[in-house]
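# An overview of the molecular structure
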Amino acid sequence: MELSSVIGTRFHHHILTHPLPYSFPIIPSLSHTTPRPRASNSNLTSATSRTVTPFKEPNPTRPHSKSYLQRKSALIEVQQSSDLNSALQSFGEILKPQDCNVIIRHFGKLGKWHHLSQLFDWMQQHVKTNGSSYSTYIKIMGKKLSPVKALEIYDSIPDESTRINVFICNSLLSCVVRNGKLESGIKLFDKMKQDGLTPDSVTYNTLLAGCIKTKHGHSKAVELIKELKYNGLQMDSIMFGTLLAADELMEEMKSSGLVPNKVILTTLLKVYVRGGLFEKSRKLLAELETLGYAEDEMPYCLLMDGLSKAGCLDEARSVFSEMQEKCVKSDGYSHSIMISALCRSGLFEEAKKLAQDFEAKYNKYDLVMLNTMLCAYCRAGEMESVMKTMKKMDELAISPDYNTFHILIKYFCKEKLYLLAYRTMEDMHCKGYHPEEELCSSLIFQLGKMRAHSEAFSVYNMLRYSKRTMCKALHEKILHILIAGRLLKDAYVVVKDNAELISRLAIKKFATVFMKLGNINLINDVLKVIHGSGCNIDQGLFQIAVSRYLAQPEKKELLLQLLQWMPGQGYVVDSSTRNLILKNSELFGRQLTAEILSKQHMMSKVSRST
């Protein structure tokens, strides 16, 4: 099978023609007066999602109002647009805050973090936010949002009552705690309470989860438990599950009448694994087996994942083998964990064999498993298996994500299939995913070496518009590639936008080539940019420019503009260029030519005297 045919047809077609669904109607603003439940028996993740009054669609038996249809159309246009700025300029005025919140959730599902940030900044600038906007944005961004940035957003909320909205506070505290800043989270929590926050069970669950991950966090956890009881809240299974690593809380749990069940014991297993307590984890897994709570692969997977990430690959293998021997019910997730662990350890052949074993045993695939298999096959250099996996992804209509593209681009680069890597990166960009700077830089260099100059510049632009941090040297690197490819108009744009980051030697090289071969209509603009960058324009460049203008009499206005511009910047033509202009004096007429050269001569005398 031809590699290019697979990428160029089915996989490309799938990537570009399967948009994810959008959602409508809309969830409205959250108010600090919104009634909220006092306690929850659901898990921590679901506990953070509150029931609020939904946006009321018009009665389905009647036609939708014109304004409703306009908003719905605008929402769809913004969600599906490849140019978010343009879409917001065209349709943003129609959108209400609750519509923008739907788009925030949509971008979050797609992992379009840059679009998400861009949209939220626009919402703040155009006063299109409500309480739900802040909590939704902070919650969806999660670890991708630094605690400092989250606090900046929180501090920018103008309304005091909105700032103590429990949903917003919970989202902010979760962001801070998940980034390992428990102490800052506790201080922030105290400040929120002083400002009027009434915490709920989710607030305490969030902070307790941070306590269990922190050294000596037990004493703070006990304080929080006392506080929540004082406030009339009851401890639920999630709180006990979070804190069970503190053995002294076991007795309190039993005295409260709560019997450890599968959820609590599995949560405790997660805590042990996360804390690196693998001996306790093994004992607890044995207890789960005895109680009949280890009939599926999940408890084994928790331990395998923890062991492999802690560098205990042999122990993880042992748990995997034990699970296989006991014929534990599996959906293949354990294979995924072990394949990833083997790839991390450089054992690519073993990872490949395990991926093949998965394919032979199971007929259930999801994106995570397919990415894991792709990684194993790519690292092992199994081209045919890579193609089969991609075909499987296409047949199952599973959309690739950032990891899929990243794995493939790295693999194609390793195999020296740089144009294929470029086309894959194009698809990645079209889907709203932004490749990392190191990968782009490497591909730009290789494309330049194989004289794919236009493609190299396209990759440069993908990185540039992704708002990722760019290495300063990359601007000069792409400039040399563009000069070699005679893409001088593009080279001019690079110099104009980044002159301060490019060496004078490179700028002079560009200027010389452009004066000789560049678009004659841009010569004056290029000279002004070079002068503005601090580089001195030598007489050779002016002579080339004047010669080109004189060779095309219809460009005499541009020559006149150049000659009039030069004295004001301290430049004059040398004698040879002056003689060349005199020979062609009929171009402007003798009188105008004499006036121009007279001004040049006066400037020359002044510069010599100084």
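Here we come to the overall build of the protein chain. What the protein chain contains, in helices and strands, is 35 helices and zero strands. Going through the 610 residues of the protein chain one by one, you find that 48% of them count as buried.

What follows deals with the packing of aromatic side chains. A complete count under the given rule lists 10 aromatic pairs for this structure. Ring geometry for F358 versus Y365: centroids 5.6 Å apart, planes at 80°, classification edge-to-face. Judged by its relative accessible area of 0%, F358 is buried. Each ring, one from F510 and one from F514, has its centre 5.7 Å from the other, and the planes form 55°; the classification is tilted. One end of the pair, F510, and the other, F514, are both in helix α30 (residues 504-517), four residues apart, so they sit about a helical turn from each other. In terms of burial, F510 and F514 fall into one category: buried. Taken together, the ring pairs in this structure connect F120, Y134 and Y137 into an aromatic cluster. Just above the ring of Y154 sits the side chain of R163; from NZ or CZ to the centre is 5.0 Å.

Below, the discussion takes up the environment of L527. Position of L527 relative to the elements: it lies in helix α31 (residues 523-532). Separated by 18 residues in the primary sequence, L527 and A545 place their C-alpha atoms 9.4 Å from one another.

Ranked by internal contacts, the top residues of the largest apolar core, which has 122 residues, are M304, V386, L443, I478, F510 and F514. The contact partners of M304, leaving out residues within four places of it in the chain, are A316, V319, F320, M323, S334, I337 and M338. Counting 51 residues, the second-largest nonpolar core is a separate cluster that includes F120, A150, I225 and L228.

Glancing now at helix α25 (residues 418-430). With 13 residues, α25 should cover 18 Å at 1.5 Å per step; its first-to-last C-alpha distance of 18 Å lies within 8% of that length. Regarding α25, the residues found buried are Y418, L420, A421, Y422, T424, M425, D427 and M428. Directly after α25, the chain includes G432, whose backbone phi takes a positive value near 90°.

It is at 10 Å that the axes of α25 and helix α26 (residues 437-449) come closest, and there the two elements cross at 135°. Compared by their axis directions, α25 and α26 come out oblique. Along this stretch, α25 crosses α26, giving a crossing that reads as left-handed. Taking contact as the criterion, the partners of Y418, L419, A421, Y422 and M425 in α25 are, on α26, L439, C440, L443, Q446 and L447.

What follows deals with the confidence of the model for the protein chain. Within the protein chain, residue pLDDT values average 80, and 82% of them lie at 70 or more. Contacts for the low-pLDDT stretch residues 1-60, under 50 throughout, to residues beyond four places or in other chains number 124 contacts.

Time to look at the pattern of salt bridges. What the rule picks out here adds up to 20 salt bridges. Across the salt bridge formed by D99 and R71, the nearest N and O atoms sit 2.7 Å from each other. One end of the pair, D99, is in helix α5 (residues 97-110); the other, R71, is in helix α3 (residues 66-80), with 28 residues separating them in the sequence. The exposure class of D99 is buried, given its relative accessible area of 0%. Between D195 and K191 there is a salt bridge; the shortest N-O distance is 2.9 Å. A residue pair is termed a helical-turn pair when its members lie 3 or 4 positions apart in one helix, as D195 and K191 do in helix α11 (residues 182-195) at four residues. D195 gets classed as partly exposed once you look at its relative accessible area, which sits at 33%.

In this section: the environment of E315. Relative to the elements of secondary structure, E315 occurs in helix α19 (residues 313-325). Along the sequence, E315 and L303 sit 12 residues apart, while their C-alpha atoms lie 9.5 Å from each other. Dropping the residues within four chain positions of it, E315 is found in contact with R282 and L307.

Conventions adopted
- Residues numbered from 1 in each chain as written.
- Predicted model: local features only at pLDDT ≥ 70, side-chain atom pairs only at ≥ 80, totals over all residues.
- Heavy atoms only, no water.
- Helix = DSSP H or I, 4+ residues; strand = E, 2+ residues; numbered from the N terminus.
- Buried < 20%, exposed > 50% of the residue type's maximum accessible area, 1.4 Å probe, protein only.
- Phe/Tyr/Trp six-rings, centres within 6.5 Å; stacked < 30°, edge-to-face > 60°.
- Lys NZ or Arg CZ within 6 Å of the ring centre and 35° of its normal.
- Core = buried A, V, L, I, M, F, W, Y, C linked by side-chain atoms within 4.5 Å.
- Contact = heavy atoms within 4.5 Å.
- Expected span 1.5 Å × (residues − 1).
- Axes fitted to C-alpha atoms, helices over the stretch in contact; angles between N-to-C directions.
- Parallel < 35°, antiparallel > 145°, perpendicular 65-115°, else oblique.
- Left-handed = near helix turned anticlockwise from the far one by under 90°.
- pLDDT = per-residue confidence, 0-100.
- Salt bridge = Lys/Arg side-chain N within 4 Å of Asp/Glu carboxyl O.

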